[in-house]
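# A look at the structure
Residues per chain, in single letters:
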Amino acid sequence: MTDTPTRPRIAVLVGSLRADSINLKIARSIIALGGHRADIEIVPIADLALYSEELDASPPAEYARFRSQITAADGVIFCTPEYNRGVPGGLKNAIDVGSRPSGHNVWSGKPTVIVSASPSPIGGFGANHQLRQLCVFLDMPTMQQPEAYLGSVAAEKFDADGVVTDDALKSFLGSIVEAYMAWLARALRARRPQSSVTVSASPIGWHDQW
Ligand code: FNR
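A brief structural summary. (Residues numbered from 1 in each chain as written. Predicted model: local features only at pLDDT ≥ 70, side-chain atom pairs only at ≥ 80, totals over all residues.)

## What about the overall build of the protein?
Regarding its fold elements, the protein presents five helices and five strands. Counting from the amino terminus, the protein carries its helices and strands in the arrangement β-α-β-α-β-α-β-α-β-α. A total of 210 residues make up the protein; the buried ones form 35% of that total. Within the protein, counting contacts between residues at least 6 apart in sequence, those at least 24 apart form 80% of the total. (Helix = DSSP H or I, 4+ residues; strand = E, 2+ residues; numbered from the N terminus. Buried ≥ 20, exposed ≤ 12 C-beta atoms within 10 Å, placed from the backbone. Contact = placed C-beta atoms within 7 Å.)

Dropping the structure here:
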């Protein structure tokens, strides 16, 4: 996008593949809370073959579909559980697919917010911060505050459509959505082409090869 979209397009990545996932319910709740401000869509990851560089000689159709959906998005929301104190394998695979082939990282420059949810009180802190670390290398501006570690999340906090009903969770999630929408708008405005000032890349700076 070259200008600030009036209605940004936001891709949501859900780190769980479970039909009854609490993180999927969080994603649906985010759509319910923020859908009047943006076009927010869940981008499927379950069909992506495990990434191997060899597949990029003739990329599977699912890779092309996934990469173009992320490319078309103005921003990205991650909703993820924590698996063994880290990012679930399916989500990491999707991130890897989007990051390649080398020089074609579809994540680059996409402002993101990381939301982690768990039945445990720790709220997926480990996965959340591992994902933040990945975002550094992926060149994704990441909303710093407020942070979203959603602890003690249970299916009873949602209605039959998977939308949050619990007052405290709804209010907190609403504040995250509001903060992200405002921050995303600022980030997209700042991206408008403006002055002739150029900044040289540092020889020890970002490199997408390793
Ligand atoms: C888990 N779970 C889990 N929970 C947590 O808080 N910290 C952890 O490190 C882990 N590790 C872990 C590993 C694996 C392989 C599984 C399957 C589960 C429990 C997890 O939070 C719980 O199953 C959530 O309900 C998963 O999220 P969804 O699928 O409900 O979104």
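## Topic: the nonpolar core
Formed by 47 residues in total, the largest nonpolar core has its most connected members in V12, L13, I30, I77, C79 and V115. Counting only elements with at least two residues in this core, the list comes to β1 (9-14), α1 (22-34), β3 (75-80), α3 (89-99), β4 (112-117), α4 (125-138), β5 (148-150) and α5 (167-190). (Core = buried A, V, L, I, M, F, W, Y, C linked by C-beta atoms within 7 Å.)

## What about the pairing of β4?
Where burial is concerned, most of β4 is hidden: six out of the six residues are buried. Residue alternation in β4 divides its side chains into two sets, T112, I114 and S116 and V113, V115 and A117, and both sets are buried. For the crossover that starts at β3, traverses α3 and ends in the parallel β4, the hand is right-handed. As paired elements, β4 and β5 share three bridges and run parallel to each other. Along β5, the bridge assignment pairs S116 with Y149. (Right-handed = clockwise from strand over helix to strand, strands pointing away. Pairing = 2+ DSSP bridges.)

## What about α5?
Think of an α-helix as 3.6 residues a turn; residues three or four steps apart then line up on the same face. Its 24 residues give α5 an end-to-end C-alpha distance of 35 Å, which sits within 8% of 34 Å, the value for a rise of 1.5 Å per residue. Among the residues of α5, L173, I176, V177, Y180, L184 and A187 are the ones counted as buried. Buried residues belonging to α5 abut α1, β3, β4 and β5. (Expected span 1.5 Å × (residues − 1).)

## Remarks on the site of the ligand
The local shell around the ligand holds 15 residues, among which S16, S21, N23, P81 and S120 are the closest. Grouping the amino acids of the shell around the ligand by side-chain chemistry returns five nonpolar, seven polar and three charged. (Near = placed C-beta within 6 Å. Nonpolar A, V, L, I, M, F, W, Y, C, P; charged D, E, K, R; others polar.)

## Here's the deal with the packing of helix α2 (residues 61-72) against α3
At a minimum axis distance of 9 Å, the contact between α2 and α3 shows a crossing angle of 80 degrees. In this view, α2 runs roughly perpendicular relative to α3, as classed from their interaxial angle. Taking contact as the criterion, the partners of Y63, F66, R67 and I70 in α2 are, on α3, A94, V97 and G98. Looking at side-chain class alone, the contact of α2 with α3 contains five nonpolar, one polar and one charged residues. (Axes fitted to C-alpha atoms, helices over the stretch in contact; angles between N-to-C directions. Parallel < 35°, antiparallel > 145°, perpendicular 65-115°, else oblique.)

## Observations regarding unusual backbone geometry
Residue P101 follows R100 across a cis peptide bond; omega there is 0 degrees. With omega at -5 degrees, the peptide bond leading from Q145 into P146 counts as cis. Relative to the elements of secondary structure, P146 occurs in the loop between α4 and β5. Unusually for a residue other than glycine, R85 sits at a positive phi of about 65 degrees. With respect to the helices and strands, R85 occurs in the loop between β3 and α3. When the 12 C-beta atoms within 10 Å are taken as the criterion, R85 is described as exposed. The backbone phi angle of S152 is positive, close to 55 degrees, even though this residue is not glycine. Along the chain, the position of S152 falls in the loop between β5 and α5. With 13 C-beta atoms packed within 10 Å, S152 lands in the partly exposed category.

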